[in-house]
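For reference, the chains in residue letters:
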Amino acid sequence: LKALRANIEGVRPGLPAAEYEILARRTLVQYTLGVKDYLLQSSDRLQKFEMTGEPSQGVRDLMAQGKGFLIVSAHYGNFELGSYMLQKHNMQAAIIALPEEVAAIDAMRVSNRQAFGVETLPVGSELDTFLAAKLHLAQGRALAMLVDRQLPKHGSPVNWFGKTCLFLRPPA
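Keep in mind the model is a prediction, meaning the values are calculated, not measured.

Of the regular secondary structure elements, the chain holds eight helices and six strands. The order of helices and strands in the chain, counted from the N terminus, is α-α-α-α-β-α-β-α-β-α-β-α-β-β. Expressed as a percentage of the 172 residues in the chain, the buried residues total 29%. The contacts in the chain between residues at least 6 apart in sequence include a share of 63% that link residues at least 24 apart. Of the roughly 10500 Å² of accessible surface on the chain, a fraction of 58% belongs to carbon and sulfur atoms.

In structure tokens form, the structure reads like this:
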């Protein structure tokens, strides 16, 4: 919980200490549910999954104009469902992701994304990731990334709605 609290403090500075504890515990519960969902998911199961909601008008406009755009998300819920959502809305997409520490888990995530036509751009050399991301955006694709991993260690301070917060270096 200590690392989660530190990440949340970086993104939401100035909250009461008790609030960080609550948010960290909620994040841990949601992450656990996401892991369970991920382990139970397969492309066959997701094809039967009923997803509601539509892309915003702004996203639809960008898609119609062939312009790329960023989808930036905190790691709440099952981020991997995003690949399915992108395919359902006919979005060409790539996900920037840190490789998992366990190669077999990383290969499973990459394979599941590929099943929905979503490419994984692994975070490695920041320049390589940046150039690949720039190319994808220039090709009119959606580019998704998480912004809440290891912030105290790898975060860069950015102005976020008038407050200084930590974000990972690639999106910052």
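What follows picks up the thread again.
Before going further, it helps to spend a moment on the sheet that holds strand β2 (residues 93-97). Spatial strand order, β1-β4-β2-β3: four strands in an open sheet with parallel pairing. Two strands bound the open sheet, and with one partner strand each, they are β1 (69-73) and β3 (118-122). Within the sheet, the average angular offset between the axes of one strand and its neighbour, ignoring direction, is 25°. Judged from the four bridges that link them, β2 and strand β4 (residues 142-146) form a sheet pairing that is parallel. Bridge pairing in β4 places A93 opposite A142.

Before going further, it helps to examine the nonpolar core. Counting residues in each nonpolar core, the largest one holds nine residues, listed as F69, L86, M91, A93, I95, A97, V118, A142 and A144. Take this core: its biggest share by element is three residues, from β2. With six residues, the next largest nonpolar core counts A94, A133, L143 and M145 among its residues.

A few words now on helix α5 (residues 81-88). Residues of α5 that are buried: S83, Y84 and L86. Projected onto a plane normal to the axis of α5, the buried residues spread over an arc of 160° and lie on a single side. Phi turns positive, to about 55°, at N90, one or two residues after α5.

Right, let's talk about the pattern of salt bridges for a bit. Overall, the coordinates contain three salt bridges when judged by the stated rule. The partner of R5 in a salt bridge is E21, and the shortest N-O contact between them spans 2.6 Å. With R5 in helix α1 (residues 2-11) and E21 in helix α2 (residues 17-40), the pair connects residues that are 16 residues apart, well separated along the chain. A relative accessible area of 24% places R5 in the partly exposed class. Where R25 meets E21, a salt bridge forms, and the shortest distance between an N and an O atom there is 2.9 Å. Residue R25 and its partner E21 are both found in helix α2; the two are separated by four residues, about one turn of the helix.

Extensive coverage of β4 is indicated by the burial of five of its five residues. Burial along β4 is two-sided: the face carrying A142, A144 and L146 and the face carrying L143 and M145 are both buried. Sheet analysis places β1 next to β4, joined by five bridges and oriented parallel. In the sheet register, I71 faces β4, and the bridge partner there is A144.

A word on a nonpolar patch on the surface. On the surface, V102, I105 and M108 cluster together to form a nonpolar patch covering roughly 220 Å² of accessible area. Inspection of the secondary structure puts I105 in helix α6 (residues 103-115). Residue I105 is classed as partly exposed on the basis of its relative accessible area of 35%.

This paragraph deals with the environment of E54. In this fold, E54 is placed in the loop between α3 (43-47) and α4 (57-64). For E54, a relative accessible area of 62% gives the class exposed. As for E54 and K88, which are separated by 34 residues in sequence, their C-alpha atoms are 9.7 Å apart. The residues touching E54, leaving out its near neighbours within four places in the chain, are R60 and H89.

Rules and cut-offs
Residues numbered from 1 in each chain as written. Predicted model: local features only at pLDDT ≥ 70, side-chain atom pairs only at ≥ 80, totals over all residues. Heavy atoms only, no water. Helix = DSSP H or I, 4+ residues; strand = E, 2+ residues; numbered from the N terminus. Buried < 20%, exposed > 50% of the residue type's maximum accessible area, 1.4 Å probe, protein only. Contact = heavy atoms within 4.5 Å. Areas by Shrake-Rupley, 256 points an atom, 1.4 Å probe, with all protein chains shown as cover. Pairing = 2+ DSSP bridges. Axes fitted to C-alpha atoms, helices over the stretch in contact; angles between N-to-C directions. Core = buried A, V, L, I, M, F, W, Y, C linked by side-chain atoms within 4.5 Å. Arc of directions from axis to C-beta. Salt bridge = Lys/Arg side-chain N within 4 Å of Asp/Glu carboxyl O. Patch = residues over 30% accessible without salt bridge, like charges linked within 9 Å, V, L, I, M, F, W, Y side chains within 5 Å.

By themselves, these figures tell us nothing about what the structure is for.
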